[in-house]
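The lines below spell out each chain.
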Protein chains: 2
Amino acid sequence: MSQPTTKVTLADVARLAGVGVGTASRALSGSARVAPETRAKVLEVADRLHYVVSPDAASLASGRTGRVALVVPHLSRWFFGEVAEGIHAGLRGADLDLLLYPVGAVQERAEFFERLPARRKVDAVIVVAFQVLEAERRRLELMGVHIVAAGGQSAAYPYVRIDDYVAGRQAMDHLLFLGHRRIAMLEARDPDQPDLDPPRSDAYVEALRENGIEVDPELVVVGDWGGEQGAQGMSRLLSLRTPPTAVYAHSDEVALGAVRTIRRAGLDVPRDISVIGIDDHPLAALTDLTTVRQPAHEQGRRAAEMLIGLLRGDPGVDESVTLPTELVVRGSTAPPRG
Amino acid sequence: MSQPTTKVTLADVARLAGVGVGTASRALSGSARVAPETRAKVLEVADRLHYVVSPDAASLASGRTGRVALVVPHLSRWFFGEVAEGIHAGLRGADLDLLLYPVGAVQERAEFFERLPARRKVDAVIVVAFQVLEAERRRLELMGVHIVAAGGQSAAYPYVRIDDYVAGRQAMDHLLFLGHRRIAMLEARDPDQPDLDPPRSDAYVEALRENGIEVDPELVVVGDWGGEQGAQGMSRLLSLRTPPTAVYAHSDEVALGAVRTIRRAGLDVPRDISVIGIDDHPLAALTDLTTVRQPAHEQGRRAAEMLIGLLRGDPGVDESVTLPTELVVRGSTAPPRG
């Protein structure tokens, strides 16, 4: 793929597509008065030429779309739904509509970023809890489309997030304070980036190190974010010659899976094994799970407010917001026995 | 409010709004080439006159919007997120975008239906698990906007749902088969329609009646769909002189709240009290909760497919689909003691 260039004009696109400039402009602005085949041809040419709509020209030709794309990997999971509700709440009053793009698979995500800019369907994109590739981000920016991350772990663009390292430390420090030294980790990795060490794992390693405890690789089990994975991981930990006295799980769902396995083995939480998660999922309260609370709704709301500021061109918009997390002690953690 | 009429013409709207017919048409079709104040005026007049866009005229003037509104009360709850993902999956390939409208409050819902048709932002509306008023439905239909219910309990328009009475009977029949006779119900009512007897409650009453058991009003506690409500309701049941030996909850979240209260009282589930829910929420498997499974994702997918058929004008579209539910026996139910 060649570099995007700003030298290509609308007239170039129109000529190559074999249409008039007005038609090309309408096709790019998503006007319904253009035949689908014509539009497809114009978009194909624009995309091929890396045609960049000047924000001014676009706004003259078609104004704002009044729409924001919400790109979210797993809508059915609590965190994502909660962030989405927060985003909706933050946009209220701004007369912006939310176009929903669930993109569970990496392939869907790539297609989304491939197709969106040329179609010019939205003024902005909010991504929930995943990273946008640098090339994708640059492309959106060139098309005059803003991008904001809600619940993102790190980003080269405006974001609202928590500090995952701090959240992990709050969980680990609690277990260490209770006196645990043989602590296992049920680690959830991003399946798209399996080689990336998550900050929640860094927190585990450094908390142990600071307390003079060597990391025992047997005590680290890698899975995904689901409860069933937590249950399986816990089975593996129980099969060790010396199982852990405490388990630090990267999410509440993973933690609840671990609790099930422990109970099925006839053991008691927290008497035999302590378990802590991260999230404060509503069911954590119901299942008496100790956890580290993150403000999901607020991450969405603040991201939406940030976006409105960016769209308005407000000068003092704070583009890197990190919200605090806090330990919530419930009934699943206690000092080790004996 | 007077009756909608088809006599009002676009010219009438334009004249009263003080604009040309072309501008009025563009304003109604949502074109961005109309100043916001002008559009507001045209919409206000159109709304006031109950101006009805003829589907043909609309499609000539502006074509299809290519968008579907997804109207959903509680996105952060599992069921709704799962249905939304199913809808997205069902629309894939149809080149339709989803506009997301979370409408938690009744007032938001009213506003949505008040504003949507005149704005003509979408070709169709999918509502998730709530009822649309007859007047609202008629208005949409007059504007040429299709409506489909996903996960709706009953409807005068096309729907995909489960049979809530049957689901309730599967839960109750299981408890009765195990030998329970003193069965409580944690009933979740729609806060918008608190006087409507839900079919899940009819199932309770009739199952008892058929087994010659009189309904004891003390054993029925009304709340909403949240886990905390289930926990509180269970406290009330434990305060009775003769608490129940089994609890039928209208949802898994309510059931999990009840389980927490029972455990906090030092009692065992299911040895002392059995608990059953409805849904098969992912955490039901993790918490070993017996439940009645409903296919959430499939309800969304099927509703989307139904909608595509209706938009295409396919003749044989089945507009009333009821999907089966099934009992999932886990560890929270057992015969009563003694």
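Structure's up top.
Not measured: the values here are computed from a predicted model. (Residues numbered from 1 in each chain as written. Chains lettered and ligands numbered in written order. Predicted model: local features only at pLDDT ≥ 70, side-chain atom pairs only at ≥ 80, totals over all residues. Heavy atoms only, no water.)

Caption draft 1: Expanded view of the sheet that holds strand S2 (residues 97–102) of chain A. The 12 strands are arranged S11(A)-S5(A)-S4(A)-S3(A)-S1(A)-S2(A)-S2(B)-S1(B)-S3(B)-S4(B)-S5(B)-S11(B) in an open sheet whose pairing can be described as mixed. The open sheet is flanked by strand S11 (320–323) of chain A together with strand S11 (320–323) of chain B, the only strands paired with a single partner. This sheet shows a mean twist of 25° between the axes of neighbouring strands, independent of strand direction. Here strand S3 (residues 124–128) of chain B runs beside strand S4 (residues 146–150) of chain B; their pairing, made up of 5 bridges, is parallel. Following the sheet pairing, B:Ala124 is matched in S4(B) by B:His146. Taken strand by strand, helix H13 (residues 296–312) of chain B contacts strand S1 (67–72), S3, S4, strand S5 (159–162) and S11 of chain B, and its axis lies near 165° from that of S4(B). (Pairing = 2+ DSSP bridges. Helix = DSSP H or I, 4+ residues; strand = E, 2+ residues; numbered from the N terminus. Axes fitted to C-alpha atoms, helices over the stretch in contact; angles between N-to-C directions. Contact = heavy atoms within 4.5 Å.)

Caption draft 2: Molecular detail of the packing of aromatic side chains. Applying the stated rule across the entire model yields 10 aromatic pairs over all chains. Consider the rings of B:Tyr101 and B:Phe112, whose centres lie 4.7 Å apart with planes at 55°: the pair is tilted. In this pair, B:Tyr101 sits in strand S2 (residues 97–102) while B:Phe112 sits in helix H6 (residues 106–119), placing the two residues 11 residues apart along the sequence. As far as burial versus exposure is concerned, B:Tyr101 and B:Phe112 are alike and both buried. Every member of this aromatic cluster is reached through a ring pair, and the members are A:Trp78, A:Phe79 and A:Phe80. (Phe/Tyr/Trp six-rings, centres within 6.5 Å; stacked < 30°, edge-to-face > 60°. Buried < 20%, exposed > 50% of the residue type's maximum accessible area, 1.4 Å probe, protein only.)

Caption draft 3: Layout of helix H10 (residues 227–238) of chain B. Taking 1.5 Å per residue, 12 residues should reach 16 Å; H10(B) reaches 17 Å between its end C-alpha atoms and fits that length. Turning to H10(B), its buried residues number three or more, namely B:Gly227, B:Gly230, B:Ala231, B:Gly233, B:Met234 and B:Leu237. Around the axis of H10(B), the buried residues are gathered within 165° of arc, so they sit on the same side. Summarising the geometry of H10(B), the exposed residues directed more than 90 degrees from the buried face are B:Gln232 and B:Arg236. Each element contacted by the buried residues of H10(B) is listed here: helix H12 (282–286) of chain A together with strand S6 (183–188), strand S7 (220–223), strand S8 (246–249) and helix H11 (252–264) of chain B. (Expected span 1.5 Å × (residues − 1). Arc of directions from axis to C-beta.)

Caption draft 4: Summary view of the packing of helix H5 (residues 78–91) of chain B against H13(B). All names here are of chain B. One way to put it is that H5 packs onto H13 with a least axis distance of 6 Å and a crossing angle of 40°. Comparing their axes, H13 and H5 come out oblique. In this structure, H5 meets H13 at a crossing whose hand is right-handed. Every residue of H13 that contacts H5 at Trp78, Phe79, Glu82, Val83, Glu85, Gly86, Ile87, Ala89, Gly90 and Leu91 is listed here: Ala296, His297, Gln299, Gly300, Arg301, Ala304, Glu305 and Ile308. (Parallel < 35°, antiparallel > 145°, perpendicular 65-115°, else oblique. Left-handed = near helix turned anticlockwise from the far one by under 90°.)

These values are about where atoms sit, not about what they do.
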